[in-house]
Amino acid sequence: MNILDKKLKRGILFLGAGSLQQISINSAIQHDYITLGVDKNKNSKSSKLCDFFLNCDSTDIVTIYNWVCSLQNIEVFAVWANNDILIPTRVSLEQALNVKAPYASHSICLDMLSKERFSSNLKETGLVAKSYDVSKKNKFKYPLIIKPKKGSGSLGIKLVKSFKDIDFFDFKPESHLLEEYLSGDEYGTNHFSDGKTVFRLPAVRRYFDHNLTMVPLGTVTANMHDPSLKKACSQLEDLILDKKWIGPIKSDIIINMRKMRIIEMSARFHGEIDTSIVFNYLNVSLPNFYFLWLSSNKNWELNENKDFNFGYISIFNNSKLSKKFVNKIFSKYNLEYLSTLNLRKNNKKTFPKSPKSTKDLLAYVFYRSKTQLSIKKFSNLFKDINLVV
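What you see is a predicted model; the values in this text were computed from it and never measured.

Visitor: Mind showing me how you'd approach the nonpolar core here?
Guide: Soluble globular proteins: nonpolar side chains tend toward being buried together. Judged by nonpolar contacts, the single largest core of 58 residues is most densely connected at Ile-12, Tyr-290 and Phe-330. Here Phe-330 is in contact with Ile-313, Leu-335, Glu-336, Tyr-337, Val-365, Phe-366, Tyr-367, Leu-381 and Ile-385, once residues within four sequence places are set aside. In this structure, Ile-74, Val-76, Leu-93 and Ala-104 belong to the second largest nonpolar core, which totals 49 residues.

Next up, the structure:
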């Protein structure tokens, strides 16, 4: 059958058509959308899944726009892109193509991407970390966090344990923020607002060991019935309605003694690793929800797999990452191996002691378990599987 003979000529534009987007693209296909993929790698893994494919950089707004306009009988309903780097491109295309899906404005997207403006805009809520004037460094209560005003993937974030560290890390007020260190359990939440209703979507608990690295060690699917998390989600939903934010919204939050603080928010869902792959194991993938909603099916329910926890472990040293090796490590922690997603080939003979950003990660290993590991145990698991001495 000719693809233009499909009953539905509604299209989804994917900025990126690699292995990470495979589940999302398949979900759009299952809901009878025409799929338009863009990727600078002409041999990207999911390019052949797409009805139409453009080989160009996913940030090239003009080329992508002209290409979409050249396709006949296709109306783009939504642009799918779930990382901060692509948000300015995504929202520009959403506006230019006048897509049907609810989406945040340019100004809201950019205010969220700017850590300084985001913190300033929400200061009155008391939900964000306090910012400090570096000139008063002798009066601080440590530890603190240094973070770049713009950036992603944990790059440039530093843990400050004394005032000497501020000078050591070459802090620059024009490009960095100095904030209080928020301790507690970290979660990555997902919401979708159509302007009237805020949908509460699956979340993950994020594992960190800041004495080792600022990069997430991994995640596990969160218990959405946990009272503290339910309270935090309700606070986020009130904030979203109050600010009149629409479209996908992801939040990184800390919960300590049932009190929620916001680390950052962004006008997108969490990355494909969680929203597609981990949640697909849970039977609640966010692409499925999103494309159902676009099909005017508003009766989506959160019916997650409650028998198991699912998640991933970050890998930056894959010199011995065989299935046999992984299973041997997993047996110590009562985890069941599910799959491995390799991000890139690595020919190095030596590896860093710890990753400095998510760009240092080489793979993700997915698992399931009956119980959730403590932060200490997960940190030990991360060290064992990455051969950290």
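Visitor: What's the story with the sheet that holds strand β5 (residues 144-148) in this structure? I'm lost.
Guide: Strand order in the open sheet formed by three strands is β6-β5-β7, and the pairing between neighbours is antiparallel. The sheet terminates laterally at β6 (158-160) and β7 (176-180), the two strands that pair on one side only. The mean angle between the axes of side-by-side strands here comes to 30°, regardless of whether they run parallel or antiparallel.

Visitor: Would you explain the side chain of Ser-369 in this entry?
Guide: As for its placement among the helices and strands, Ser-369 is situated in strand β15 (residues 363-369). At 2.7 Å, the side chain of Ser-369 and the backbone oxygen of Thr-371 are in polar contact.

Visitor: Would you take a moment to explain helix α9 (residues 286-294) for this structure?
Guide: Counting along an α-helix, one turn takes 3.6 residues, and residues three or four places apart therefore face a common direction. Counting buried positions along α9 gives eight out of nine residues, so the element sits mostly inside the fold. By the burial criterion, the buried members of α9 are Leu-286, Pro-287, Phe-289, Tyr-290, Phe-291, Leu-292, Trp-293 and Leu-294.

Visitor: I keep staring at the pairing of strand β9 (residues 198-209) and nothing clicks. Help me out?
Guide: Regular strands have side chains that alternate between both faces of the sheet. Across the 12 residues of β9, 11 count as buried, placing the element largely inside the fold. Where strand β8 (residues 185-193) meets β9, seven bridges bridge the pair, whose relative direction is antiparallel. Looking across to β9, one finds that Glu-186 is bridged to Arg-206. Pairing geometry for β9 and strand β10 (residues 213-221), over five bridges, is antiparallel. Counterpart to Arg-205 in the pairing with β10 is Val-220. Taking the residues that link successive antiparallel strands as the turn, the β9-β10 hairpin has three residues.

Visitor: Is there a simple way to think about the environment of Glu-179 in this case?
Guide: Relative to the helices and strands, Glu-179 is located in strand β7. Put simply, Glu-179 and Leu-239 are 60 residues apart on the chain and 22 Å apart in space, counted from C-alpha to C-alpha. Other than its neighbours up to four places away in sequence, Glu-179 contacts Ser-119, Ala-129, Lys-130, Ser-131, Tyr-132, Leu-144, Ile-145 and Lys-147. Looking at Glu-179, its side chain comes within polar contact range of the side chain of Lys-147, at 3.2 Å.

What counts and what doesn't
Residues numbered from 1 in each chain as written. Predicted model: local features only at pLDDT ≥ 70, side-chain atom pairs only at ≥ 80, totals over all residues. Heavy atoms only, no water. Core = buried A, V, L, I, M, F, W, Y, C linked by side-chain atoms within 4.5 Å. Buried < 20%, exposed > 50% of the residue type's maximum accessible area, 1.4 Å probe, protein only. Contact = heavy atoms within 4.5 Å. Pairing = 2+ DSSP bridges. Helix = DSSP H or I, 4+ residues; strand = E, 2+ residues; numbered from the N terminus. Axes fitted to C-alpha atoms, helices over the stretch in contact; angles between N-to-C directions. Polar contact = N/O pair within 3.5 Å; in protein donor to acceptor, adjacent residues only side chain to side chain.

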